[in-house]
Amino acid sequence: MNNTRTVLVIGGGAAGNAVTILLRRAGLTVDLVEARDDWNATAGSGITLQGNALRVLRELGVWEQVRACGFGFGSVGITAPDGTVLHVQRDLRTGGDDLPATVGMQRPRLQRILIDAVRGSGATVRLGTRAEILDQDGDGVRVRLGDGTESRYDLVVAADGLGSATRAAIGITDKPEATGMAIWRVAAPRPAGVTRTDLAYGGPAYIAGYCPTSDTTLYAYVVEAARDRACLPPDSHADEMRGLARHYGGFWPEITAHITDPAKVNYTWFDRMLVEGSWHRGRVVLAGDAAHCCPPTLAQGAAMSLEDAWVLAQLLTASDTWDDALFRTYHERRTRRVRPVVEASVQIGQWQLDGVRDADVPGLMGRTMTMLQELP
Ligand SMILES: Cc1cc2nc3c(=O)[nH]c(=O)nc-3n(C[C@H](O)[C@H](O)[C@H](O)COP(=O)(O)OP(=O)(O)OC[C@H]3O[C@@H](n4cnc5c(N)ncnc54)[C@H](O)[C@@H]3O)c2cc1C
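Everything numeric here is computed off the predicted structure, so don't read it as measured data. (Residues numbered from 1 in each chain as written. Predicted model: local features only at pLDDT ≥ 70, side-chain atom pairs only at ≥ 80, totals over all residues. Heavy atoms only, no water.)

A. Spotlight on the sheet that holds strand β6 (residues 85-90). The strand order across the open sheet built from eight strands is β6-β5-β14-β15-β16-β13-β17-β20, with neighbouring strands paired in mixed fashion. In this open sheet, the two strands that pair with only one neighbour each are β6 and β20 (292-293). Summarising the sheet, strand β14 (residues 197-201) and strand β15 (residues 207-212) pair through four bridges and their orientation is antiparallel. Looking at β15, one finds that A200 is bridged to A208. (Pairing = 2+ DSSP bridges. Helix = DSSP H or I, 4+ residues; strand = E, 2+ residues; numbered from the N terminus.)

What follows is the structure in structure tokens.
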């Protein structure tokens, strides 16, 4: 393989970090540019990583660190709002039998592990700047960064997230759409009895849930109808979340006692998007949330982003010819998996918005997770 080629990765989230590590391992020259000065200031308290995400993290060489920092488990509890456990469902091991079904992690810990792996890979990292001008010809892209530097690359990977400016800059007009739901999230100490995710459906919110993220921590969330963000001053966030959480029983009173600091409570709308048609224009290709996003009802967004990186890196490193055919193969392989995940994630939320009580949520989840057991 011709490994003298050069790649610019735009965005240092899960997708951008993963593709950087894999391309560097194959000997390509990779520059990564990240808009934020503080690369580790990742929003959000925790993340649920299912087996298919863990499979990619193992491929990146960071599984042992993820295992050591996270909290592995293999089932999900469905409870009544008062905390009564109604049903315990075993999770499918979507990454294979040698990986846990699920690992909960603090987001900043995951980001730190990936940052260290990117640094260790020998990629050149530029923080606090953006790609401002992308000028393509037949076999490369001239890029000018916000800091005034200019370089030419054989390929640009746009992993700049949901609001991707690169996606717009190459003429792809798809944009995220709000689904009508929003989530309150907070990190809290883990009560000793919390050893898996429990989800309460009903009560004053659509869902109240938590996920252990280490021996000592969890993240808790409450999902409700999206409200006008302008009406929610940030200093009210802890009161708003506590106001919903206090209606739930079981471990919730212990968790709710820690929802006190508005700066630590995150409020986010749910969005959906799947870029239709190809995910590339010339030598610029999308990966991760820049190409697709879904509500976290299946906890698969980062998993899909990591899988994008894995598949894209496999194709790029296996071929000396980076042409439309290669990028079409990437798009076909990914949409086969991403489309059902986006559709199922949106459907599960929509059933709740519509008040459909007899919806077959376990059946839809089961079919989607079974599909994800296959290699991407
Ligand atoms: C409420 C919520 C809960 C979720 N829970 C889960 C879960 O439990 N499990 C799961 O698998 N997924 C979950 N997800 C989805 C997951 O967070 C995303 O799918 C994942 O973070 C996408 O990674 P990414 O690298 O594509 O994008 P991002 O993580 O958004 O990273 C993009 C990066 O690009 C940078 N950037 C942006 N613009 C530029 C630019 N012009 N130049 C340079 N850099 C730029 C940004 O600063 C950022 O660092 C959740 C999402 C939400 C909203």
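B. Region of interest: the pairing of β14. Counting buried positions along β14 yields four of five residues, so the element is predominantly enclosed. Relative to β14, strand β5 (residues 75-79) runs parallel, the two being bridged by four bridges. Its bridge partner lying in β14, T79 is registered against A200. Between β14 and β15, which follow one another and run antiparallel, lie five residues, and G202 among them has a positive phi close to 95°. (Buried < 20%, exposed > 50% of the residue type's maximum accessible area, 1.4 Å probe, protein only.)

C. Spotlight on the packing of aromatic side chains. Applying the stated criterion across every chain yields a total of six aromatic pairs. Seen in terms of ring centroids, Y219 and Y221 are 5.4 Å apart; in terms of plane orientation they differ by 40°. Their pairing is tilted. Each member of the pair Y219 and Y221 is classed as buried. When the ring of Y248 is compared with that of W252, the centres are 6.1 Å apart and the planes differ by 50°; the resulting orientation is tilted. Accessibility classification places Y248 together with W252 in one group, the buried group. (Phe/Tyr/Trp six-rings, centres within 6.5 Å; stacked < 30°, edge-to-face > 60°.)

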